[in-house]
Amino acid sequence: MATEQAAITRATFDEVILPIYAPAEFIPVKGRGSRVWDQQGKEYVDFAGGIAVTALGHCHPALVEALKTQGETLWHTSNVFTNEPALRLARKLIAATFAERVLFMNSGTEANETAFKLARYYASTRHSPYKTKIIAFHNAFHGRSLFTVSVGGQPKYSDGFGPKPADIIHVPFNDLHAVKAVMDDHTCAIVVEPIQGEGGVTAATPEFLQGLRDLCDEYKALLVFDEVQCGMGRIGELFAYMHYGVTPDILTSAKALGGGFPVSVMLTTQDIASAFHVGTHGSTYGGNPLACAVAGAAFDIINTSEVLNGVMAKRQQFIRHLQQIDQQFDLFSDIRGMGLLIGAELKPHYQGRAREFLYAAAQAGVMVLNAGPDVMRFAPALIVEEADIDEGMKRFANAVAKVIKG
Ligand SMILES: *Cc1c(COP(=O)(O)O)cnc(C)c1O
């Protein structure tokens, strides 16, 4: 009884949750569109989007409606039985992309785990049991399971968890010569984020992705695009591969897919999909009706020219504000990214302090992200309103002023 009634505060976090996060001091309790309110009723402009997840803002009426309707209809079946929302969403994804087959999972990690397992399985069953090498990139982020942290290119996430899965090699991102130097017949897959998110908001060059495609074709390896962060409208196209005009063999999507409801998907071709058989892989929740109903509603809105075309104009507005802030405070050495995945790298003098700016921003009433210690990251709703951008950036500028004046 006493425990139930005791006030929930930020201090509660340290008492009950594993110490793997350092959440901000306030606790959000309500969100609408691109605004969020905390326990004290203080209001924030949300440029974090739950890390590129709430692509339609908070509590979008169409998503709320889909969740309510499905919530009163059917919650869960497991994959012993299929369900209508999953099959409908699968059809939509197939109609809109290169994919001929899809598999739903619950998180970006799981979609990538599935992709890497499929790439290995396809190579070992169709080609040779020795075709196991995975080529991936420095600073890449692919999730937190042991396989995905091992394919990820940030040792700080995988060190201490060994022995790690073997035969994974990392080379510098955007360096085609480095890939060529390690590519061979034993390679089963090249795994790449078209735009590295966690690693610092760095876009691949078109030549790089095309070069990877050519190498995969030459060596009968699969090209895997991790679009968990950059996909689902984030850059103003449904998926980044469409912008680059380079089609992968396997693509993973999550984050914005459910607009805040946990769901992920792996897209692939019929041929590659057919390497798997009944029982080869699975998930209890993957393709859950609640998740797929919400994702279906989100998809119908995101995959419209109205939303996708709006992304570029909103990006320009963000960039103008960031340039103004830079002129005033001499803060950024680079403003980059694509669409509404925006990175602003701090000048050497301020490097290592991205989190400090993030917390100051929250104090000033705007939620932003960092991507590593040196880059501020903005991943707002794709439908963030002009007035919210102006107001949020005003607050961000105030936060910057505070940090810089000490
Ligand atoms: C967030 C992210 C993941 C991991 O997704 P989770 O849902 O946190 O498991 C994988 N890849 C990329 C590119 C991501 O940004």
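The residue count restarts for each chain, going from 1 along the sequence in the order it is written. Residue-level local features of this predicted model are given only where pLDDT is at least 70; pairs of side-chain atoms are given and counted only at 80 or more, and the full residue set underlies all totals for whole chains, interfaces and linings. Think of the side-chain values as coming from all heavy atoms in the structure, minus any hydrogens and water.

The protein chain goes by Acetylornithine/succinyldiaminopimelate aminotransferase in an unreviewed UniProt entry, where it is assigned to Buttiauxella warmboldiae. The heading Function (unreviewed entry) in the UniProt record of the protein chain holds the text "Involved in both the arginine and lysine biosynthetic pathways." Comment text from UniProt for the protein chain, heading Subunit (unreviewed entry), reads "Homodimer." UniProt positions are given in the numbering used here, feature names are shortened, and annotations may be inferred rather than shown by experiment.

Topic: the overall build of the protein chain
Looking only at helices and strands, the protein chain features 15 helices and 17 strands. Computed over C-alpha atoms, the radius of gyration of the protein chain comes to 21 Å, within 12% of the 22 Å expected from 2.2 N^0.38 for 406 residues, which places it in the range of a compact globule. Its C-alpha atoms put the protein chain at 60 × 50 × 45 Å along the principal axes. Each residue's exposure class comes from its accessible area (1.4 Å probe, protein chains only) as a fraction of the maximum for that residue type: buried when under 20%, exposed when over 50%, partly exposed otherwise. Scored against the burial criterion, the 406 residues of the protein chain give a buried share of 53%. Throughout, a residue-residue contact means that at least one pair of heavy atoms, one from each residue, lies within 4.5 Å. A separation threshold of at least 6 residues defines the contact pool for the protein chain, and within that pool the share at least 24 residues apart is 71%. The accessible surface values rely on the Shrake-Rupley method and a 1.4 Å probe; as for residues, cover is taken only from the protein chains in view. Taken as a whole, the protein chain presents about 18300 Å² of accessible surface, with 54% of it coming from carbon and sulfur. For the protein chain, the centre of its 35 positive side-chain charges and the centre of its 42 negative side-chain charges are spaced 2 Å apart. Secondary structure elements follow DSSP: runs of H or I of four or more residues count as helices, runs of E of two or more count as strands, with numbering from the N terminus. Radius of gyration: C-alpha atoms only; globule rule: 2.2 Å multiplied by the number of residues to the exponent 0.38. When charges are counted, Lys and Arg contribute as positive and Asp and Glu as negative, whereas His and the chain ends are disregarded. Where a charge lies is defined by one atom per residue type: Lys uses NZ, Arg uses CZ, Asp uses CG and Glu uses CD.

Structural notes on the site of the ligand
Residues are labelled near a given molecule or strand when at least one of their non-hydrogen atoms is within 4 Å of it. Contacts to the ligand come from Ser107, Gly108, Thr109, Asn112, Phe141, His142, Gly143, Glu193, Asp226, Val228, Gln229 and Lys255. Contacts described as polar in this section are N or O atom pairs within 3.5 Å, which, within protein, must combine one atom able to donate a hydrogen with one able to accept it, while residues neighboring in sequence count only if both atoms come from side chains. The contact in question runs from a nitrogen atom of the ligand to an N or O atom on the backbone of Phe141, over 3.2 Å. Within the side chain of Gln229, one N or O atom sits 2.7 Å away from an oxygen atom of the ligand. For the ligand, the protein covers 82% of the area, taking 380 Å² as the surface of the free molecule. Of the residues forming the shell around the ligand, the biggest block, 3 residues, is contributed by helix α6 (residues 108-126).

Topic: the UniProt feature "modified residue: N6-(pyridoxal phosphate)lysine" (unreviewed entry) in the protein chain
UniProt marks Lys255 with the feature "modified residue: N6-(pyridoxal phosphate)lysine" (unreviewed entry), using the numbering shown here. You can see Lys255 is positioned in the loop between β11 (250-253) and β12 (264-268). Those residues in contact with Lys255 that lie beyond four places of it in its chain are Ile51, Ala52, Val53, Val228 and Gln229.

Overview of the packing of helix α4 (residues 61-71) against helix α12 (residues 289-302)
Helix-helix packing is described using two parameters, namely the angle between the two axes and the distance between the axes. Note on method: axes are straight lines fitted to C-alpha atoms, helices fitted across the in-contact stretch only, with angles between N-to-C directions ranging 0 to 180 degrees. The N-to-C vectors of α4 and α12 enclose an angle of 155°; their axes lie 9 Å apart at closest approach. For the element pair α4 / α12, the angle class is roughly antiparallel. For α4 against α12, the interelement crossing comes out right-handed. Along its contact with α4, which presents Ala62, Leu63, Ala66, Leu67, Gln70 and Gly71, the element α12 presents Pro289, Leu290, Ala293, Val294, Ala297, Ala298 and Ile301. Classification used: nonpolar for Ala, Val, Leu, Ile, Met, Phe, Trp, Tyr, Cys and Pro, charged for Asp, Glu, Lys and Arg, polar for all others including Gly. Broken down by class, the residue content of the contact of α4 with α12 amounts to 11 nonpolar, 2 polar and no charged. Every angle not falling under 35 degrees, over 145, or within 65 to 115 is termed oblique; those three ranges are roughly parallel, roughly antiparallel and roughly perpendicular. Helix crossings get a hand from a simple test, with the near helix turned counterclockwise from the far one by less than a right angle marking a left-handed crossing and a clockwise turn marking a right-handed one.

Here we look at the domain arrangement of the protein chain
An automatic or database domain assignment provides the domain bounds reported here. For the protein chain, the assigned domains are domain 1 (10-60 + 305-405) and domain 2 (74-303). Taken together, the contact between domain 1 and domain 2 spans 27 residues of the former and 26 residues of the latter. Where domain 1 abuts domain 2, roughly 2100 Å² becomes buried across the two surfaces, and 66% of that area is made up of carbon and sulfur atoms. As a working definition, buried area equals the accessible area (1.4 Å probe) given up by two parts on being put together, with both sides summed. Of all residues in domain 1, Leu308, Met338 and Leu341 bury the most surface against domain 2, accounting for 31% of the area lost on that side.

Examining the environment of Leu209
Following the sequence through the fold, Leu209 ends up in helix α9 (residues 206-219). The exposure class of Leu209 is buried, given its relative accessible area of 0%. Residues Leu209 and Lys164 lie 45 residues apart in sequence; the distance between their C-alpha atoms is 27 Å. Not counting chain neighbours up to four residues away, the residues in contact with Leu209 comprise Val192, Pro194, Ala204, Phe225, Tyr244 and Val246.

So, the sheet that holds strand β17 (residues 375-378)
Strand pairing is defined by DSSP finding a minimum of two bridges between the two strands. In spatial order, the strands read β13-β14-β17-β16; together these 4 strands make up an open sheet with antiparallel pairing. Looking at which strands have only one partner, the edges of the open sheet turn out to be β13 (332-338) and β16 (369-370). Of the pairings in the sheet, the one linking β16 to β17 comprises 2 bridges and is antiparallel in character. Across the sheet, Asn370 pairs through a bridge with Met376, a residue of β17.

A closer look at α4
Those residues of α4 that fall on the buried side of the exposure criterion are Leu63, Ala66 and Gln70. The buried side chains of α4 occupy one side of the element, clustering within an arc of 60° when seen end-on. Away from its buried face by more than 90 degrees, α4 exposes Pro61 and Lys68. Buried residues along α4 sit in contact with α5 (84-96) and α12. This arc describes the spread of directions from the helix axis toward the C-beta atoms.

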